[in-house]
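# An overview of the molecular structure
Single-letter residue listing:
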Amino acid sequence: MTATPTPLTKTDNEADAEATAADTAAQASDAPEAPEAPEASRDSSQKASPDDVFTDEAEDGRDGDEDGLGDDAPPAGPVRTGIGAGAAAVVSGALGLASLTGTWMGKVLSERETLLGQIKTAQGGTASAQIHEIYADSWHTTAAINGGFALLALLVGAFVLARPAFGAPDAHPQPVWVRAVALGGLVLGAIGLLLSVGMYFDLFATLPSTGSGS
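Calculation notes
- Residues numbered from 1 in each chain as written.
- Predicted model: local features only at pLDDT ≥ 70, side-chain atom pairs only at ≥ 80, totals over all residues.
- Heavy atoms only, no water.
- Helix = DSSP H or I, 4+ residues; strand = E, 2+ residues; numbered from the N terminus.
- Expected span 1.5 Å × (residues − 1).
- Bend = angle between axes of the 7 residues up to and from the residue.
- Salt bridge = Lys/Arg side-chain N within 4 Å of Asp/Glu carboxyl O.
- Buried < 20%, exposed > 50% of the residue type's maximum accessible area, 1.4 Å probe, protein only.
- Phe/Tyr/Trp six-rings, centres within 6.5 Å; stacked < 30°, edge-to-face > 60°.

Along its 36 residues, helix α6 (residues 127–162) runs 51 Å from first to last C-alpha, staying within 8% of the 52 Å computed at 1.5 Å per residue. A136 marks where α6 bends most, by close to 35°.

Shown next as structure tokens:
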């Protein structure tokens, strides 16, 4: 009698292991694949080098200067300061005051005329001639010098006051103090000129006279 071979059977443990492995493989195949990171995110993750930062700042500053929007950009138009008009007004006032009080030049020239008169009359001369040569010439020289300063004060003051009326209109008018000082110099010059003319032609006071004509 021939023996029949017994079929090989799997144990329970082996069956459970095969079932677990099959389930794990099925879950792995069903899981979605992770999306790839976009190129933009990868590029942004890289750190910018210091050279790139400095280059960007320089380009931004250059663009701002070209557009005229930089912090140190000059103003759009020239700003009128009025320095010239103010200086001219002060000069006018000083000249007008000098025409009334006298100047060093007038004093020196007056003394010179006095000395010349003394030299001319040293060898003799009438009293009238001595008065004219020593006193009158000195007096008239002082009046002429003061009149010259008064005339200059008038011209400079009038120029400062009349300057805004000529040329293109200005958005920035003359300051009040400039016009006030120029007007003061104009008035002082007018008074000084009147006094100088009167003294030169002996209108306010006549020359001394001996009364005998000798």
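In this section: the pattern of salt bridges. A complete count under the given rule lists two salt bridges for this structure. With a shortest N-O distance of 3.8 Å, E113 and R112 are connected by a salt bridge. Accessibility expressed as a relative area gives 47% for R112, which makes it partly exposed. The residue K120 makes a salt bridge to E133 at a minimum N-O spacing of 3.7 Å. Of this pair, K120 sits in helix α5 (residues 104–120) while E133 is found in helix α6, placing the two residues 13 residues apart along the sequence. Residue classification places K120 among the exposed residues on the basis of a relative accessible area of 57%.

The final tally for this structure, using the stated rule, is two aromatic pairs. Here Y135 and W139 contribute two aromatic rings whose centre-to-centre distance is 5.4 Å and whose plane-to-plane angle is 70°, an arrangement assigned as edge-to-face. Of the two residues, Y135 and W139 both sit in helix α6, four residues apart, roughly one turn of that helix. Y135 sits in the partly exposed class, given a relative accessible area of 43%.

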